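Secondary and tertiary structure notes
For reference, the chains in residue letters:
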Amino acid sequence: MKDDELREFDALGLDREIAAPSHMQQRWHDSIDLAAQREQTELRRSGRAFNFMSFFWGAAVTTALAIGIGIGVFLTGGPESIEPNEYVVQDRAGVFGRVLQVHLRDTQDDIASMPIDTPEDRTTLVLQIIQQNRLFEQAAERNDADSVARVLRAFEPILLKLAATDIAPQDAAALREQLAFELKVMLTKLERDTSKEITST
Amino acid sequence: MHTRLKLIFVVLATFATASLNAQDGNSASDKEELQRIALEALIHVPEERALPAVMKLLEGDGSDELKESALFVLSQMDHPDASTALLSYARTGSGDAQIKAIRMIGINGDETVLAALPEIYASGDDDVREAVLEAYLIADNVDGVFTIAMNATDEDDYEEAVQILAVMDAHEQLAQLREAKGASDALVQAYIISDNHTELELLARDSSNPDVQVEAIQALGVVDGPNAEVVLLDIYKASADEDVREAALQGLFIGDHGQSVLELYRASSNAKEKGELLEMLVIMDSDLAMEVIDQALAGDQ
């Protein structure tokens, strides 16, 4: 990984010591690519003239971040030459918001396809979601997104209940439904805020 | 503005459709599904307009699940009336509705409303008290949990609050609790959860409460911090208490510190103790065991 990519990752405040399975690496890569694509689409939709170079740098930052997250998460120790938080991502809140939206959509998909009648499969999936949720909760804290951090923290007790193998299927279904709703509302709110930002620029 | 008006229209139309569908005899779940969609759409509507619609739903005869969703939408509003409404449900609600409202207060994070939680905690049952602690956890409000722990007179309440502090990594507050309330099993558990080797070492060396000391020594073996081996070895050598020595040995065993067990074996002049230590080395499947066995068979000490 390049130094500037590591700096991007550090600046976002994600914890590199949190281990994650390989499919999550791929998911993060995909997530950031999607975020970049969506950003591009939003800008096109808005019909506004925009500074091409500004967008280019935004996309470059996003792509670098993708590599930073995808690879950096698995590092147990960073190069000594890198000073954490020395490098500041431009539009850090915006980048975080977009990455978070993609993550929430992926979680929505996971929740929707969650097996209710096979507790072991459900537990495995939910534990993976919990791991990612913690990662994004930490990132939210470090990016001063307190309201996002609170909602992500609130998901965890529900997820832990869902991870239990002795929960009745109807209770699991009810929890899944509530979680899906809360995810949807959160996403709607984030999209609303992003849309407002684009309109106001 | 035009978009907002359109959204308001869509939301109102959805509520109306849900109502008509119910009258037409469609299933209640269809009605609720539409109401949920409308609730979600309210996020786009100015809060002063959305609030009455959410309140109407909360006061209606919808299911608990639908009302929980409505409470969540309230929690996502910045309007002071939304947090006041959450507080009202947390105070006057009963059963599951009250628990959910307390959770939403945590999600909402309004400090003035969070300040009312101690009163709800004091008058609530076990479930309510647990929900209040969870709300503080969600809101990342360490002070609220710390105050509950400091004022707790019931052992279970104290234990739960201490566990939440551990999850929140509130090291400073846990240290204050140890000073104010003394060592306890609850604190040992908390230090395990928060991976706090320093405090565990302090408790492991503190012989003022032998039961807690033994718990802490065993925990030190499980957590196995950077100084655990040295501390366990020190404790074993320094203590005359059988239980303490056994706990220290168990800690060394759990931490797989064969070299220290060998050191104790070599330093011991007590045949019974030597036998026990040798047994432990064998169980640990340490290469050191064969070395010791050879020496013992050869008649060396």
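Values in this document were obtained by computation on a predicted structure and should not be read as measured data.

Moving on: the overall build of chain B. Looking only at helices and strands, one finds 20 helices and zero strands in chain B. Taking 2.2 N^0.38 as the reference for a compact globule, 301 residues should give roughly 19 Å; the C-alpha atoms of chain B span a radius of gyration of 29 Å, well beyond that estimate. Along the longest, intermediate and shortest principal axes, the C-alpha atoms of chain B span 95 × 40 × 35 Å. Buried residues in chain B amount to 42% of all 301 residues. Once local pairs closer than 6 in sequence are excluded, the contacts in chain B between residues at least 24 apart make up 56%.

Quick look at the overall build of chain A now. Looking only at helices and strands, chain A features seven helices and zero strands. In sequence order, the secondary structure elements of chain A are arranged as α-α-α-α-α-α-α. Here chain A, with 201 residues, has 32% of them falling under the buried criterion. Partitioning the contacts of chain A with sequence separation of at least 6, the portion at a separation of at least 24 is 82%.

Let's shift gears to the interface of chain A and chain B. When the parts of a complex come together, some accessible area is lost, and that lost area is often used as the size of the interface. In this assembly, 17 residues from chain A lie in contact with 18 residues from chain B. Counting only elements with at least two residues in the side of chain A that touches chain B, the list comes to helix 6 (146-163) and helix 7 (169-200) of chain A. When grouped by side-chain class, the residues that make up the side of chain A that touches chain B number six nonpolar, three polar and eight charged.

On to the domain arrangement of chain B, then. As far as domains go, chain B holds domain 1 (1-138) and domain 2 (141-194). Of all the elements in the fold, those that place two or more residues in the side of domain 1 of chain B that touches domain 2 of chain B are helix 8 (117-123) and helix 9 (126-138) of chain B.

So, about the nonpolar core. Counting residues in each nonpolar core, the largest one holds 120 residues, and the members touching the most others are Leu 86, Ile 105 and Leu 165 of chain B. With sequence-adjacent residues up to four places away left out, Ile 105 of chain B is seen in contact with Leu 86, Leu 87, Ala 90, Val 113, Leu 114, Leu 117 and Ala 135 of chain B.

On to unusual backbone geometry, then. Of note in this structure, Asp 140 of chain B is not a glycine but carries a positive phi near 55°. Assignment of secondary structure puts Asp 140 of chain B in the loop between helix 9 and helix 10 (142-151).

This paragraph deals with the environment of Leu 51 of chain B. Residues and elements named next belong to chain B. Looking at the element boundaries, Leu 51 is found in helix 3 (residues 47-59). Put simply, Leu 51 and Ala 85 are 34 residues apart on the chain and 9.7 Å apart in space, counted from C-alpha to C-alpha. Excluding residues that lie within four positions of it along the chain, Leu 51 makes contacts with Met 77, His 79, Asp 81 and Ala 82.

Moving on to helix 2 (residues 28-41) of chain B. Here helix 2 of chain B contains 14 residues, and its C-alpha end-to-end distance of 20 Å stays within 8% of the 20 Å for a straight helix at 1.5 Å per residue. Three or more residues of helix 2 of chain B are buried, namely Lys 31, Leu 34, Gln 35, Arg 36, Ala 38, Leu 39, Glu 40 and Ala 41 of chain B.

Let's shift gears to helix 4 (residues 92-112) of chain A. A rise of 1.5 Å per residue sets the reference length of helix 4 of chain A, with its 21 residues, at 30 Å; its end C-alpha atoms lie 30 Å apart and thus fit the reference within 8%. Among all positions of helix 4 of chain A, only Val 95, Phe 96, Gly 97, Arg 98, Val 99, Leu 100, Val 102, His 103, Leu 104, Thr 107 and Ile 111 of chain A are buried.

The next thing to look at is the packing of helix 6 of chain A against helix 9 of chain B. Contact geometry for helix 6 of chain A and helix 9 of chain B: axes closest at 8 Å, N-to-C directions at 140°. On the basis of their axis angle, the class for helix 6 of chain A and helix 9 of chain B is oblique. In this structure, helix 6 of chain A uses Arg 150, Arg 153, Ala 154 and Pro 157 of chain A to contact helix 9 of chain B, whose residues at the interface are Glu 134, Leu 137 and Ile 138 of chain B. When grouped by side-chain class, the residues that make up the contact of helix 6 of chain A with helix 9 of chain B number four nonpolar, no polar and three charged.

Once that is clear, we can look at the confidence of the model for chain A. All names here are of chain A. Taken over all residues, the pLDDT of chain A has a mean of 68, while the share at 70 or more is 51%. Mean pLDDT across the elements of chain A bottoms out in helix 3 (residues 52-72) (36) and peaks in helix 6 (95). In this model, residues 15-25 is a region of pLDDT below 50 whose contacts with residues beyond four sequence positions or in other chains number 16 contacts. With pLDDT under 50 throughout, residues 39-87 is counted as low confidence; its partners more than four residues away or in other chains account for 72 contacts.

Before going further, it helps to examine the packing of helix 10 of chain B against helix 11 (residues 155-167) of chain B. Residues and elements named next belong to chain B. Remark: helix 10 packs on helix 11, axes separated minimally by 8 Å, with the N-to-C direction vectors making an angle of 155°. With respect to helix 11, the axis of helix 10 lies roughly antiparallel. The way helix 10 lies across helix 11 gives a crossing that is left-handed. On helix 11, the residues touching Val 142, Val 145, Phe 146, Ile 148 and Ala 149 of helix 10 are Tyr 158, Ala 161, Val 162, Ile 164 and Leu 165. Considering only residue class, the contact of helix 10 with helix 11 consists of ten nonpolar, no polar and no charged.

All names here are of chain A. Tracing the sequence through the fold places Thr 123 in helix 5 (residues 119-142). As a C-alpha pair, Thr 123 and Lys 161 span 38 residues in sequence and 9.6 Å in three-dimensional space. Here Thr 123 is in contact with Ala 163 and Thr 165, once residues within four sequence places are set aside.

Quick notes on the rules
Residue numbering note: each chain is counted from 1, following its sequence as written. Lettering of chains starts at A and numbering of ligands starts at 1, both following the order in which they are written. Owing to the predicted nature of the model, reporting of local features is limited to residues with pLDDT of at least 70; listing and counting of side-chain atom pairs is limited to 80 or more, with chain, interface and lining totals taken over all residues. Put simply, DSSP marks the helices as runs of H or I at least four residues long and the strands as runs of E at least two long, and each gets a number from the N terminus on. Note on method: radius of gyration uses C-alpha positions; expected globular size equals 2.2 Å times residues raised to 0.38. Any residue surrounded by 20 or more other C-beta atoms within 10 Å of its C-beta is treated as buried, while 12 or fewer makes it exposed and the intermediate range makes it partly exposed; C-beta atoms here are placed from the backbone. Throughout, a residue-residue contact means that the two C-beta atoms, derived from backbone geometry, are no farther apart than 7 Å. Charged residues are taken to be Asp, Glu, Lys and Arg, nonpolar residues to be Ala, Val, Leu, Ile, Met, Phe, Trp, Tyr, Cys and Pro, and polar residues to be all remaining types, Gly included. Where each domain begins and ends is defined by an automated method or by a domain database. For this entry, the nonpolar core is defined as buried Ala, Val, Leu, Ile, Met, Phe, Trp, Tyr and Cys residues connected by C-beta atoms within 7 Å. One less than the residue count of a helix, multiplied by 1.5 Å, gives the span that helix is expected to have. Only the stretch in contact is used when a helix axis is fitted, and all axes are lines through C-alpha atoms; the angle between N-to-C directions ranges over 0 to 180 degrees. Geometric relationships in this document are graded by angle, where less than 35 degrees denotes roughly parallel, more than 145 denotes roughly antiparallel, 65 to 115 denotes roughly perpendicular, and other angles denote oblique. The quantity known as pLDDT measures the predictor's confidence residue by residue, on a range of 0 to 100. It is the rotation of the near helix from the far one that decides the hand of a crossing: anticlockwise by less than a right angle makes it left-handed, clockwise makes it right-handed.

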